[in-house]
Amino acid sequence: TGSMFNMIDLCVVFSRSEGFGRVTVEAMAHGVPVVGFDAAGTSELIKDRVTGCLFRDYRSFEESIKYLIQTPDIYNRISSNAYNDARLRFNEGEYVASVLAFIKEYF
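Residues numbered from 1 in each chain as written. Predicted model: local features only at pLDDT ≥ 70, side-chain atom pairs only at ≥ 80, totals over all residues. Heavy atoms only, no water.

A. Looking closely at the overall build of the protein. Looking only at helices and strands, the protein features five helices and three strands. From first element to last, N terminus to C terminus, the protein shows the α and β order β-α-β-α-β-α-α-α. Relative to its full complement of 107 residues, the protein shows a buried share of 36%. Considering only contacts within the protein whose residues lie at least 6 apart along the sequence, 44% involve residues at least 24 apart. When the accessible surface of the protein is totalled, it reaches about 6,900 Å², and 56% of it is carbon and sulfur. In the protein, 11 side chains carry a positive charge and 14 a negative one; their mean positions are 2 Å apart. (Helix = DSSP H or I, 4+ residues; strand = E, 2+ residues; numbered from the N terminus. Buried < 20%, exposed > 50% of the residue type's maximum accessible area, 1.4 Å probe, protein only. Contact = heavy atoms within 4.5 Å. Areas by Shrake-Rupley, 256 points an atom, 1.4 Å probe, with all protein chains shown as cover. Lys, Arg positive; Asp, Glu negative; His and termini not counted. Charge placed at Lys NZ, Arg CZ, Asp CG, Glu CD.)

B. The pattern of salt bridges, seen in detail. Tallying each qualifying case throughout the model produces four salt bridges. The salt bridge involving R89 is made with D85; its shortest N-O contact spans 3.0 Å. A residue pair is termed a helical-turn pair when its members lie 3 or 4 positions apart in one helix, as R89 and D85 do in helix α4 (residues 72–89) at four residues. Taking relative accessible area as the criterion, R89 reaches 31% and is therefore assigned partly exposed. By sharing partners, the salt bridges in this structure join K47, D85 and R89 into a single network. (Salt bridge = Lys/Arg side-chain N within 4 Å of Asp/Glu carboxyl O.)

C. Inspection of unusual backbone geometry at higher detail. One non-glycine residue, A40, adopts positive backbone phi at about 50°. With respect to the element layout, A40 can be found in helix α2 (residues 40–45). In this structure, R49 takes a positive phi of about 60° despite not being glycine. Among the residues examined, R49 registers a relative accessible area of 34% and is labelled partly exposed.

D. Representation of the nonpolar core in the model. If you look at the biggest cluster of nonpolar residues, it comprises 12 residues: F5, C11, V13, A27, M28, A29, V32, V34, I46, L54, A82 and A86. Counting only elements with at least two residues in this core, the list comes to β1 (11–13), α1 (22–29) and α4. Sorting elements by how many residues they give to this core places α1 first, with three residues. Ignoring sequence-local partners within four residues, the contact set of V32 consists of F5, I8, D9, L10, C11 and A27. Core analysis: the next-biggest nonpolar cluster, separate from the first, contains 10 residues, F37, A39, C53 and F55 among them. (Core = buried A, V, L, I, M, F, W, Y, C linked by side-chain atoms within 4.5 Å.)

Written as structure tokens, this is what we have:
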């Protein structure tokens, strides 16, 4: 049984008030490019046209989709960048380090 992320080519996040954006990170960690609304946590997770695409309205949403599917090279670059970024920033070691830093600062 495979992950649903193995069955999709793109992940679209329309939320205007996403907190952390777990789905965004999970998609990126599976190499699935995310097209996300440019607000809140999504904006902090995606580097536009580097690790995914950000949009603010219908036109920029459409442009983001077209950009990602223009050529296999663009899609593969974004997919690879997303995968590497998510694995680098959101791995178990980074999480433990951030929790320890929080504990040391407040306790």
